[in-house]
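# Summary of structural features
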Amino acid sequence: MGADTRATAGNIIADKNIVKVHKLTDSIYACGAGTAADLDQVTNMLAGNMRLMELNTGRKARVITALRHAKQHLFQYQGYIGAYLLIGNVVRESGVDPTGPHLYMCSANGTTMAFPYTSQGSGSYAAITVLERDYKPNMTKEEAADLCSRALMAGMHGDNMSGNSFRLVIIEPKQTENRGPIVPDFCKLTESKDLEYKFKPGSTKVLKQKTIKYEVIESMDVSH
Amino acid sequence: MDTMRKDMREAIPALGFYPHENISTGTTLISMEFDGGVVVGTDSRTSSGSFISSRATNKITPLTDNIVVCRSGSAADTQAIADIVKYHTEAHTVVENKPLTVYRITQIFRRFLYEYRDSLSASVLVAGWDKENGGQLYAIPLGGFVTRQRSTASGSGSTFVQGFLDSKWKPNLTRDECKEIVKMAVGLAVFRDGSSGGVVRLSVIDAKGTTLELFRPDKPNFPTVKAPLPHLSLPPHIDQEPDEN
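All of these numbers come straight from a predicted model, not from anything done at the bench.

Along chain B, the regular secondary structure elements total five helices and 13 strands. Within chain B, the fraction of its 245 residues that count as buried is 47%. Taking the contacts inside chain B whose residues are at least 6 apart along the sequence as the reference set, 59% of them involve residues at least 24 apart. Here chain B displays about 12700 Å² of accessible surface, and carbon together with sulfur accounts for 53% of that area.

A few words on the side chain of Ser196 of chain B. Relative to the helices and strands, Ser196 of chain B is located in the loop between α5 (175-192) and β12 (200-206). Here Thr28 of chain B takes part through its side chain, which lies 2.7 Å from a polar atom of the side chain of Ser196 of chain B.

This part takes up the sheet that holds strand β9 (residues 166-171) of chain A. Residue and element names in this part refer to chain A. Reading across the sheet, the three strands line up as β1-β9-β10 and stay open at both edges, with antiparallel pairing between neighbours. The open sheet is flanked by β1 (2-4) and β10 (176-182), the only strands paired with a single partner. Across the sheet, the mean angle from the axis of one strand to that of its neighbour is 10°, orientation sign disregarded.

End to end, α5 of chain B covers 26 Å across 18 residues, agreeing with the expected 26 Å (1.5 Å per residue, within 8%). Those residues of α5 of chain B that fall on the buried side of the exposure criterion are Cys178, Lys179, Ile181, Val182, Lys183, Ala185, Val186, Gly187, Ala189 and Val190 of chain B.

A few words on the packing of helix α2 (residues 63-76) of chain A against helix α2 (residues 75-96) of chain B. As a packed pair, α2 of chain A and α2 of chain B sit with axes 11 Å apart at the nearest point and diverge in direction by 115°. By the angle between their directions, the pair α2 of chain A and α2 of chain B is classed as roughly perpendicular. With respect to the hand of their crossing, α2 of chain A and α2 of chain B are arranged in left-handed fashion. Counting all contacts with α2 of chain A, which are made through Arg68, Lys71 and Phe75 of chain A, the residues of α2 of chain B involved are Ala76, Asp77, Gln79, Ala80 and Asp83 of chain B. When grouped by side-chain class, the residues that make up the contact of α2 of chain A with α2 of chain B number three nonpolar, one polar and four charged.

Residue and element names in this part refer to chain A. Applying the stated criterion across every chain, the model contains 22 salt bridges over all chains. A salt bridge links Asp4 to Lys20; its shortest N-O distance comes to 3.0 Å. Within this pair, whereas Asp4 is found in strand β1, its partner Lys20 is found in the loop between β3 (12-15) and β4 (21-23), the two being separated by 16 residues in sequence. Grouping residues by exposure puts Asp4 and Lys20 together as buried. A salt bridge links Asp26 to Lys23; the nearest nitrogen and oxygen atoms lie 3.4 Å apart. Judged by relative accessible area, Asp26 falls into the partly exposed class, the value being 42%. Taken together, the shared-partner salt bridges in this structure form one network comprising Lys141, Glu142, Glu172, Glu177 and Arg179.

Here the focus is the confidence of the model for chain A. Overall, the prediction assigns chain A a mean pLDDT of 88, with 94% of residues at 70 or greater. When mean pLDDT is taken per element in chain A, helix α4 (residues 141-158) of chain A scores highest with 95 and strand β6 (residues 83-90) of chain A scores lowest with 83.

What follows is about the sheet that holds strand β8 (residues 112-114) of chain A. Residues and elements named next belong to chain A. In space, the five strands of this open sheet follow the order β4-β5-β6-β7-β8, with antiparallel pairing throughout. The open sheet has two free edges, formed respectively by β4 and β8, since each of these has just one partner strand. Direction aside, neighbouring strands of the sheet carry axes that sit 25° apart on average. The pairing of β6 with strand β7 (residues 101-106) spans six bridges and is classified as antiparallel. Opposite Leu85, over in β7, you have Cys106 as the bridge partner. On the sheet, helix α1 (residues 36-57) packs against β4, β5 (28-34) and β6 and is oriented at approximately 35° with respect to β6.

Taken as a whole, this structure holds three aromatic pairs over all chains when the rule is applied. Taking the centre distance of 4.8 Å and the plane angle of 85° together, the rings of Tyr125 of chain A and Phe51 of chain B count as edge-to-face. With one member in each of two chains, Tyr125 of chain A in helix α3 (residues 124-134) and Phe51 of chain B in strand β5 (residues 51-54) form a pair that bridges those chains. Its relative accessible area of 34% is what places Tyr125 of chain A among the partly exposed residues. With relative accessibility at 26%, the residue Phe51 of chain B sits in the partly exposed group. On the numbers, 6.0 Å between centres and 55° between planes, the contact of Tyr103 of chain B with Tyr138 of chain B is tilted. Separated by 35 residues along the polypeptide, Tyr103 of chain B in helix α3 (residues 102-115) and Tyr138 of chain B in strand β9 (residues 134-140) bring together distant segments of the chain. Residue class for Tyr138 of chain B comes out buried when judged on its relative accessible area of 6%. Between Arg117 of chain B and the ring centre of Tyr114 of chain B, over which it is positioned, the NZ or CZ distance is 4.2 Å. Over the ring of Phe215 of chain B we find Lys183 of chain B; its NZ or CZ atom is 4.2 Å from the centre of that ring.

How each quantity is defined
- Residues numbered from 1 in each chain as written.
- Chains lettered and ligands numbered in written order.
- Predicted model: local features only at pLDDT ≥ 70, side-chain atom pairs only at ≥ 80, totals over all residues.
- Heavy atoms only, no water.
- Helix = DSSP H or I, 4+ residues; strand = E, 2+ residues; numbered from the N terminus.
- Buried < 20%, exposed > 50% of the residue type's maximum accessible area, 1.4 Å probe, protein only.
- Contact = heavy atoms within 4.5 Å.
- Areas by Shrake-Rupley, 256 points an atom, 1.4 Å probe, with all protein chains shown as cover.
- Polar contact = N/O pair within 3.5 Å; in protein donor to acceptor, adjacent residues only side chain to side chain.
- Pairing = 2+ DSSP bridges.
- Axes fitted to C-alpha atoms, helices over the stretch in contact; angles between N-to-C directions.
- Expected span 1.5 Å × (residues − 1).
- Parallel < 35°, antiparallel > 145°, perpendicular 65-115°, else oblique.
- Left-handed = near helix turned anticlockwise from the far one by under 90°.
- Nonpolar A, V, L, I, M, F, W, Y, C, P; charged D, E, K, R; others polar.
- Salt bridge = Lys/Arg side-chain N within 4 Å of Asp/Glu carboxyl O.
- pLDDT = per-residue confidence, 0-100.
- Phe/Tyr/Trp six-rings, centres within 6.5 Å; stacked < 30°, edge-to-face > 60°.
- Lys NZ or Arg CZ within 6 Å of the ring centre and 35° of its normal.

Laid out in structure tokens, this is it:
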């Protein structure tokens, strides 16, 4: 999972380095889009509830528990808590819940969905295109991290409200790794323009040619 | 990420940003009773405005081993209601120590959908089988009115196939005939309705339980529609090959 690090207030960049990857438990993380204050509040509440649940039951909290808490809380507030979450986890204790990695989306209205891959937030439209094109099942950790980075960069590139740098969190059965902040090249300098606006002759491939002969009966003077 | 509450309420169409757009299931739901069970078929599209937020959604939600609910309207509302009804169903089942009838479940739905009719946008089909009455299908549209149906379509795609379903229904349809009709109806609806699409999910509920089948557009047996070919639209001196599809 990953997220950029920009916070905006209108068209002002309010903070260039905030953490949008929130830790819920050792093995459950949530990425958030929407209202920063609401996200902090909701993720803190979830983290607290999950920890209490772990202490009360003596077991690891499960991602579906966090998800249900989130959706019921957000539904109760009918979308007025502007938190859009991606919740991900890998179950640590093998044999307890051997269903493998989980990724869920929870919107501010209380809709939840499970996905093999997804994106969220204002940059999600650009990001999902990269994911749709390059995602394949059973990727290695580095392949997945690379795809995640490229999707984030696409999102940061194509959206004014995303940018500056991004962070990744890689959740594995034994440990969790945090990477970043990573600053992509296009966030460092003004970009050079990629192509000339004047196209060279032959830029467009000719697929078919057909000559039609017309007999000119009358012509018009177009010099002025 | 936005730190201003005011901006949360204002859409920015240029950025494709619609903060309070409800994620909703512009949907096609088709269902038919047959002797001994019910067939239900759905598309799999979930949209948020013009964006498809999921193209492989499962809109058929099991409530018990022999009863499902097909959801259309706001995804958040229908998920919440389905969860609540499932909770009440389980509570009743424990108290009474026998499975609830399909009708009882429709009455639990009615209570919530009618009570909160002003704040909910949820329309559902409840399909299932019980010992008392066999296969049953109930439609609960927006206000919370419960009607039993032999065959029905619901959701935005339903308008396109109402006539098709009426023309195909006859007494004593078999399970397989119903499956074919329902699948074709979803195919036809998806072909014409912009807010339905993706895969076709077919479910059969009978005494033995619930089965769920998947039909993908890139795999065999997906319902295909042959629409009339268009007239050639460009001037005749330009070579045009009529589109075979």
